[in-house]
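# A structural walkthrough
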Amino acid sequence: MNQNPPTGETPDRPEDVRPTPPQGQPVQPPPGQPETGYPAGYPASPPAQQPYAPPPYTQQPYAPSPYTQQPTGYPTPAPTPAKKGGVPVWVWVVIGVLGLLVVGCMLTFFLITAAVQQAGRAVEESSDTLSASLTFLGFDLAMSVGNYEEAHTYLGNDLAGRYTPDTLQQRWEALGAGDTLSTDYSDPVASGNQVRLVWTISSDDGRQYPINITMEQMGDDWKITGADPELIPEP
C-alpha cells in the first residue's frame, strides 16, 4: 500500500527537525540561537583554549657522543707511550762517529808504526848483510892472491886461533896451486845477529868443497866465526 503523501502536499515532520541545507552552505541555527557559521556537526562555539604551560625541565643524563666510540670489529689502538727524558739520539750518533774516528786513528798509527819498525829491521838486516858480504869478499880475495896475513885478520873467535897465517897457507896449497883453485859463494842471509853463506872451493880436477860460513859482528867489524866442516878442507 502506497503511503507516500499525495502530490503537492508536504508531509508532516517534527518541529525540532530542521531540514539539512545543501552541501557547502551553513546550517541555520534553531530559533533563539546565534549563528556560528560552522557546518553541521560542529559545536556552536569553539572550545575555550587552555593557557600554555611549558613542560617542567628535567636534566637528561649525559650520553657520550657516538663519534667518540670505536667502530665495532676494529682493534683499539694502543696508547702512545709518554716520551721519556734522556740523551738525544744525535748525541749518541756524534759519540759513535767520534769513537770510530779514534779507533781508526789508533789502528792507522799502529799499522804505520809496525811498518816503520819492519822497514827499519829490513834496512838493518840489509846493512848487516852488506857489511858481512864485504868482510867475506876481503877474506876470499886475500886467499886467492896468497895474502894469508890479510886473510887471517878476517877470522874471529876460535877460528883465529886454529887457523894461523901459516896454517891457511899450508891448507890452501895442499888443495892445489893458486891458479888451479876457484871460489864462489852464495848470497848472504841474515839470521838474527848472524849472517850465513855457502863458500865453494873448486879445483881443476872437478873436485868441489862446499863450506858453510857463519859471520858475526864483533865491535864495529864483522868476523868469520864459524865454518862447517872446515874453513880449509884437507884434500
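Remember, predicted model here, so these are calculated numbers, not experimental data. (Residues numbered from 1 in each chain as written. Predicted model: local features only at pLDDT ≥ 70, side-chain atom pairs only at ≥ 80, totals over all residues. Heavy atoms only, no water.)

Note on placement: D140 falls in helix α1 (residues 89–145). For the buried residue D140, which engages in no salt bridge, the nearest side chain bearing the opposite charge is R171, 16 Å off. Only 3.0 Å separates the side chain of D140 from the side chain of W199, close enough to count as a polar contact. With sequence-adjacent residues up to four places away left out, D140 is seen in contact with T183 and W199. (Helix = DSSP H or I, 4+ residues; strand = E, 2+ residues; numbered from the N terminus. Buried < 20%, exposed > 50% of the residue type's maximum accessible area, 1.4 Å probe, protein only. Lys, Arg positive; Asp, Glu negative; His and termini not counted. Salt bridge = Lys/Arg side-chain N within 4 Å of Asp/Glu carboxyl O. Polar contact = N/O pair within 3.5 Å; in protein donor to acceptor, adjacent residues only side chain to side chain. Contact = heavy atoms within 4.5 Å.)

Right, let's get into the packing of aromatic side chains. Counting across every chain of the model gives five aromatic pairs. Considering the side-chain rings of W172 and W199, the 6.4 Å spacing of their centres and the 5 degrees angle between planes classify their relative orientation as stacked. On the criterion of sequence distance, the pair formed by W172 in helix α4 (residues 165–175) and W199 in strand β3 (residues 194–203) is long-range, its members being 27 residues apart. Aromatic ring contacts, followed pair by pair, group F136, F139, W172, Y185 and W199 into a single cluster. (Phe/Tyr/Trp six-rings, centres within 6.5 Å; stacked < 30°, edge-to-face > 60°.)

Taken together, the side chains of V89, W90, V93, V94, V97, L98 and L101 make up a nonpolar region of the molecular surface, amounting to roughly 700 Å² of accessible area. Checked against the element boundaries, V94 lands in helix α1. Owing to a relative accessible area of 40%, V94 belongs among the partly exposed residues under this scheme. (Patch = residues over 30% accessible without salt bridge, like charges linked within 9 Å, V, L, I, M, F, W, Y side chains within 5 Å. Areas by Shrake-Rupley, 256 points an atom, 1.4 Å probe, with all protein chains shown as cover.)

Right, let's talk about unusual backbone geometry for a bit. Across residues other than glycine, the phi torsion is negative in most instances, and most of the peptide bonds are trans. Residue D228 is joined to P229 through a cis peptide bond whose omega torsion reads 5 degrees. Within the secondary structure, P229 sits in the segment after β5 (221–228). With a phi close to 55 degrees, N157 is a non-glycine residue in the positive phi region. Inspection of the secondary structure puts N157 in helix α3 (residues 157–162).

Right, let's talk about the environment of H152 for a bit. For H152, the position within the fold is in helix α2 (residues 148–152). Between the C-alpha atom of H152 and that of T164, which follows or precedes it by twelve residues, the distance is 6.6 Å. Once you skip the residues sitting within four places of it in the chain, H152 turns out to touch A160, Y163, T164, P165 and L168.

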